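Letter by letter, the chains look like this.
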Amino acid sequence: MFDEIICSIVAEPNLVLQYFLAKRRRSNASIKQIYADRTKYGEFHTLFNQLLEDEVSFFQYMRMPKETFFYILNKIAPSLAKKKRNIQHISLEERLMVTLRFLSTGTNFRALSFDFRICHNAIAKIVYETCDAIWKMMKDEFMPVPTTEKFQQISREFWQKYNFPNIVGCIDCKHVMIKAPANSGSDYFNYKKYFSLHLQAVADAHGKFIFIDVGEYGRRSDSGVFNSSSLYQAIENGELNIPPAKPLPGSIEPMPYVLLGDQGYPLKTYLLRPYPFNNLSAEQIRFNFMHARARRIIECAFGILVTRWRCLMTELQMTPDHVTIIVQACCLLHNICSNLKKPRKILRWTNPTGITVNRNSHNHPSRDAYRRRCSGPPVGRIHLPNWAETCEEIRAAERLKTITDWQEQWHIDAANAAQAMEDYADEVADLEAPRVEVRRARNERRNANRRAARARLSEERRRDRPPTPPALLTTAASCGYAGEEAEGN
């Protein structure tokens, strides 16, 4: 019997294929039923058209305006085009909506599968393909390699906004939390006690990324990530279009264009870091302040990136290669949204008390900031009416103003401290005076009581003393003590 079955299977190979196909259809029948009504209950089919009618809701859901959404859709459409089949396919709009929803919330693929009525495996494939298409199709437009003219423009913007010359960008690293990869040991375990990948980025004066490098082990330091990056190799080999050295404003000695980094980066001719924080002079403290003021733009860029694309706040449950694709797409979308954002409408209202209220169409009025309008210039800043003066005169004026302010403040603080000490001494004397009088009176009473007690004791001893015998009186009289004895008796 068994031999007959084997012979029939060998003679009819299509029977084996039909058997496994039928088994697969039976096992997937219940799963497919969950997603059968995707066009009826799926989030895209029930919500997308309503979002298009409300700009604020669309921006809150997609993290971008409608114009930016369809601009990205037209750019990536050739890369995501699929062959038409008889089965119902997933549209490009739905693919982009699923991807943006994952990037903006960090919701896992299984949860998204129930929202959009799409299998979680298909969700993952859609997200990876869309992010890869965004990076490949729009990288050259929104994150190109800067030219010499672009670097010079960035330097001018840093000088205008932060008063720091010859700067072509600010560099820093950020950890992206991931699930521990298989058989990776401690390579991805960082000093913050979680597994991560490094994101190294360079930002311009407006907080947009001009270079990014993703994928280094989380346990490496910032300097180690920089030394192994393609940016470091390009700068060392002279392949980057950095402008030649240029004199600083008010000087004649040429100085190179540099990147600004924090204490974790090495000091190079093209990389400027702050002074160590010990035994600093006034000029070094001033330099560190200006350095931090200009370098904070990269920190702001990371903050905006993570706030807009909140998947970077969660632990990404995927392989390091897929994490790299996700992070690259988020950085590029950050630049796209920054370039294509619409001007925000601000409604101002000033009441008689002088308080200005800023009401934004995208924010709740209860979260608006109430700022006191000041008629004069800000305290501690120098506003010169003639901006045609040389930069050296401006710096000299600022330096003189700073030193003068410090000296005046020091004298004021010293006078205040001396006055405070005098007031404290007076208060202590006022508090101690009654205590001294009380202590003196108590001591006088104690001494008087002691003297009185000694006098009483002496009187009692004299009164209780027995009379002197006659023989002793005779002897005392013969020795010259009769008068005293008589007086004593």
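Note that the structure is a prediction, hence the values are computed from the model and not measured.

Caption draft 1: Structural context of the side chain of Arg295. Structurally, the position occupied by Arg295 is in helix 13 (residues 282-308). Judged by its relative accessible area of 15%, Arg295 is buried. Setting aside chain neighbours within four positions, we find Arg295 in contact with Cys170, Asp172, Leu260, Gly261 and Asp262.

Caption draft 2: Looking closely at the packing of aromatic side chains. In the structure shown here, the tally under the stated rule is 16 aromatic pairs. Ring centres 6.0 Å apart and planes at 35° place the aromatic pair Phe209 and Phe302 in the tilted group. Remark: Phe302 occurs in helix 13 and Phe209 occurs in strand 3 (residues 209-217); sequence separation between them is 93 residues. Accessibility classification places Phe209 together with Phe302 in one group, the buried group. Geometrically, the ring pair formed by Phe226 and Tyr232 is edge-to-face, given 5.4 Å between the ring centres and 75° between the ring planes. Residue Phe226 is classed as buried on the basis of its relative accessible area of 0%. Assessed through its relative accessible area of 17%, Tyr232 is described here as buried. Put simply, the rings of Phe44, Phe48, Phe58, Phe69 and Phe70 pair up and form one aromatic cluster. A cation over a ring is seen here: Arg101 above Tyr61, with NZ or CZ 4.2 Å from the ring centre.

Caption draft 3: Just empty space enclosed by the protein, in detail. Scanning the entire structure with this criterion turns up one cavity of 30 Å³ or more. There is about 40 Å³ of room inside the largest cavity. If you go around the largest cavity, the residues you meet are Phe151, Val168, Val202, Ile210, Phe211, Ile235, Leu240, Ile242 and Leu259. Its residues assigned to classes, the lining of the largest cavity shows nine nonpolar, no polar and no charged.

Caption draft 4: Region of interest: the sheet that holds strand 7 (residues 271-272). Strand order in the open sheet made by the five strands is 3-2-1-6-7, with mixed pairing throughout. Two strands bound the open sheet, and with one partner strand each, they are strand 3 and strand 7. Two elements, strand 2 (residues 196-203) and strand 3, share seven bridges in a ladder whose sense is antiparallel. Bridge pairing in strand 3 places Ala201 opposite Ile212. The strands that helix 10 (residues 148-162) touches are strand 1 (167-177), strand 2 and strand 3; relative to strand 1, the one it contacts most, it runs at about 90°.

Caption draft 5: Fine view of the packing of helix 13 against helix 14 (residues 320-340). Following both chains from N to C, one finds helix 13 and helix 14 inclined at 100°, their axes separated by 10 Å at the closest point. Relative to helix 14, helix 13 is oriented roughly perpendicular. Listed contacts from helix 14 to Ala301, Ile304, Leu305 and Arg308 of helix 13 are Cys330, Cys331, His334, Cys337 and Ser338. Considered class by class, the residues forming the contact of helix 13 with helix 14 number six nonpolar, two polar and one charged.

Caption draft 6: Up close: a positive patch on the surface. Taken together, Arg439, Arg442, Arg445, Arg446, Arg450, Arg451 and Arg454 make up a surface patch of like positive charges. Looking at the element boundaries, Arg450 is found in helix 15 (residues 391-464).

Caption draft 7: The arrangement of the nonpolar core in detail. Counting 95 residues, the largest nonpolar core has Phe209 and Ile326 as the members making the most contacts within it. Considering each element in turn, this core owes the most residues, eleven residues, to helix 9 (residues 120-142). The contacts of Ile326, once residues within four sequence positions are left out, are Phe102, Leu103, Val127, Tyr128, Cys131, Cys311 and Met318.

Reading the values: the criteria
- Each residue is numbered by its place in its chain's sequence as written, counting from 1.
- Per-residue local features of the predicted model are confined to residues with pLDDT of at least 70, and side-chain atom pairs are confined, for both listing and counting, to 80 or more; whole-chain, interface and lining totals are unaffected and use all residues.
- Here the side-chain values reflect all heavy atoms present in the structure, with hydrogen atoms and water set aside.
- Labels follow the DSSP assignment, with helices taken as runs of H or I lasting at least four residues and strands as runs of E lasting at least two, numbered in each case from the N terminus.
- Throughout, exposure labels follow a simple rule: accessible area from a 1.4 Å probe, protein chains only, divided by the maximum for the residue type, with under 20% read as buried, over 50% as exposed, and the rest as partly exposed.
- The contact criterion used throughout is that any non-hydrogen atoms of two residues lie within 4.5 Å.
- Under the pairing criterion, centres of Phe, Tyr and Trp rings, with the six-membered ring standing for Trp, must be within 6.5 Å; the plane angle then separates stacked pairs below 30 degrees from edge-to-face pairs above 60, leaving the rest tilted.
- The rule is short: NZ of Lys or CZ of Arg within 6 Å of the ring centre and within 35 degrees of the ring normal puts a charge over the ring.
- Residues are called lining when one of their atoms sits within 4 Å of a cavity or pocket point, these points coming from a 1 Å grid over the protein atoms alone, where a cavity is a set in which a 1.4 Å probe fits but cannot get out and a pocket is an open set with protein on both sides within 12 Å along at least five of seven lines.
- Grid points are joined across faces, edges and corners, and a volume is the space filled by probe spheres set on the points.
- As a working rule, the residues Ala, Val, Leu, Ile, Met, Phe, Trp, Tyr, Cys and Pro are called nonpolar, Asp, Glu, Lys and Arg charged, and the rest polar, with Gly in that last group.
- Paired strands, in this sense, are two strands between which DSSP finds at least two bridges.
- To get an axis, a line is fitted to the C-alpha atoms, and for a helix only the part in contact is used. The angle between two axes follows their N-to-C directions and goes from 0 to 180 degrees.
- With respect to orientation, any angle under 35 degrees is reported as roughly parallel, any angle over 145 as roughly antiparallel, any angle of 65 to 115 as roughly perpendicular, and every other angle as oblique.
- Only residues above 30% relative accessible area that lack a salt bridge enter a patch, with like-charged residues linked at up to 9 Å and the nonpolar side chains Val, Leu, Ile, Met, Phe, Trp and Tyr linked at up to 5 Å.
- Accessibility throughout is a Shrake-Rupley quantity obtained with a 1.4 Å probe, and a residue counts as covered only by protein chains that appear here.
- Between Lys or Arg on one side and Asp or Glu on the other, a salt bridge is scored when a side-chain nitrogen of the former is within 4 Å of a carboxyl oxygen of the latter.
- The charged-residue count follows a simple rule in which Lys and Arg add positive charge and Asp and Glu add negative charge, with His and chain termini not counted at all.
- The atom standing in for a charge is NZ when the residue is Lys, CZ when it is Arg, CG when it is Asp and CD when it is Glu.
- Remark: nonpolar core denotes a set of buried residues (Ala, Val, Leu, Ile, Met, Phe, Trp, Tyr, Cys) joined through side-chain atoms within 4.5 Å.

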